[in-house]
Amino acid sequence: MENDMNTPKTDSPDNSTEKTKRSFDAVKGVQGLYLAQPNGVYHSRYSMNGKRCSRSLETTNFEVAKLRLAKSKSTTEVARQSGVKTDSKL
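Residues numbered from 1 in each chain as written. Predicted model: local features only at pLDDT ≥ 70, side-chain atom pairs only at ≥ 80, totals over all residues. Heavy atoms only, no water.

Counting seven residues, the largest nonpolar core consists of Val-27, Val-30, Leu-33, Tyr-42, Leu-57, Ala-65 and Leu-69. Apart from residues lying up to four places away in sequence, Val-27 is in contact with Leu-33, Tyr-34, Leu-35, Tyr-42 and Phe-62. (Core = buried A, V, L, I, M, F, W, Y, C linked by side-chain atoms within 4.5 Å. Buried < 20%, exposed > 50% of the residue type's maximum accessible area, 1.4 Å probe, protein only. Contact = heavy atoms within 4.5 Å.)

Structural data, given as structure tokens:
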């Protein structure tokens, strides 16, 4: 049996450990709401303490995403005013 330690690893497209690249498309008419491609899940994007943050709204439904975005915005604003750091769970 040959030793595979010296064999260079190749990047194959079907590598299960490789993360899938996602792109986020801004939703027109709704500030801070983004749609992740290719899975179609909505995300909230905002900045806190000078850092850009993104949180999944865990839905593919547009109306539910708008409601969760409004709740997320109010939670984020309360956290911002109370001095919460960006690495804290909101």
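This paragraph deals with helix α1 (residues 62-82). Note: α-helices contain 3.6 residues per turn, so residues at a spacing of three or four share the same orientation. For α1, built from 21 residues, the straight-helix expectation of 30 Å at 1.5 Å per residue is met to within 8% by its first-to-last C-alpha distance of 30 Å. For α1, the complete set of buried residues consists of Ala-65, Leu-69, Ser-72, Thr-76 and Ala-79. Projected down its long axis, α1 carries its buried residues within an arc of 95°, all on one side. Turned more than 90 degrees away from the buried face of α1, the exposed residues are Leu-67, Lys-71, Val-78, Gln-81 and Ser-82. Packing partners of the buried residues in α1 comprise β2 (33-37) and β3 (42-48). For α1, the N-terminal cap is Asn-61; the gap from its side-chain oxygen to the backbone nitrogen of Glu-63 is 2.9 Å. (Helix = DSSP H or I, 4+ residues; strand = E, 2+ residues; numbered from the N terminus. Expected span 1.5 Å × (residues − 1). Arc of directions from axis to C-beta. Polar contact = N/O pair within 3.5 Å; in protein donor to acceptor, adjacent residues only side chain to side chain.)

All right, on to unusual backbone geometry then. Geometrically, the link from Gln-37 to Pro-38 is a cis peptide bond, its omega value of 10° lying close to zero. Mapped onto the secondary structure, Pro-38 falls in the loop between β2 and β3.

Taken together, four strands build an open sheet; the order of strands is β1-β2-β3-β4 and the sheet is antiparallel. Every interior strand has two partners, whereas the edge strands, β1 (23-26) and β4 (51-56), have only one. When strand polarity is set aside, the average angle formed by the axes of neighbouring strands in this sheet is 40°. Here three bridges tie β2 to β3, and the two strands are oriented antiparallel to one another. Residue pairing in the sheet places Tyr-34 in a bridge with His-43 of β3. Most of the contacts of α1 go to β3, to which it runs at about 20°, and overall it touches β2 and β3. (Pairing = 2+ DSSP bridges. Axes fitted to C-alpha atoms, helices over the stretch in contact; angles between N-to-C directions.)

The residue Ser-23 is located in strand β1 in this model. With 14 residues separating them along the chain, Ser-23 and Gln-37 place their C-alpha atoms 5.3 Å apart. Not counting the four nearest positions on each side in its chain, Ser-23 is found in contact with Leu-35, Ala-36 and Gln-37.

Per the counting criterion, the structure on display carries one aromatic pair. Taking the centre distance of 6.1 Å and the plane angle of 55° together, the rings of Tyr-42 and Phe-62 count as tilted. Residue Tyr-42 is located in strand β3, and its partner Phe-62 is located in helix α1; the two are separated by 20 residues in the primary sequence. You can call Phe-62 partly exposed: its relative accessible area is 28%. For the cation-ring pair, Arg-45 lies above Phe-24, with the distance from its terminal atom to the ring centre recorded as 5.9 Å. Stacked on the ring of Tyr-34, the Lys or Arg Arg-45 has its end atom at 4.7 Å from the ring centre. (Phe/Tyr/Trp six-rings, centres within 6.5 Å; stacked < 30°, edge-to-face > 60°. Lys NZ or Arg CZ within 6 Å of the ring centre and 35° of its normal.)

These figures come from the coordinates and say nothing about function on their own.
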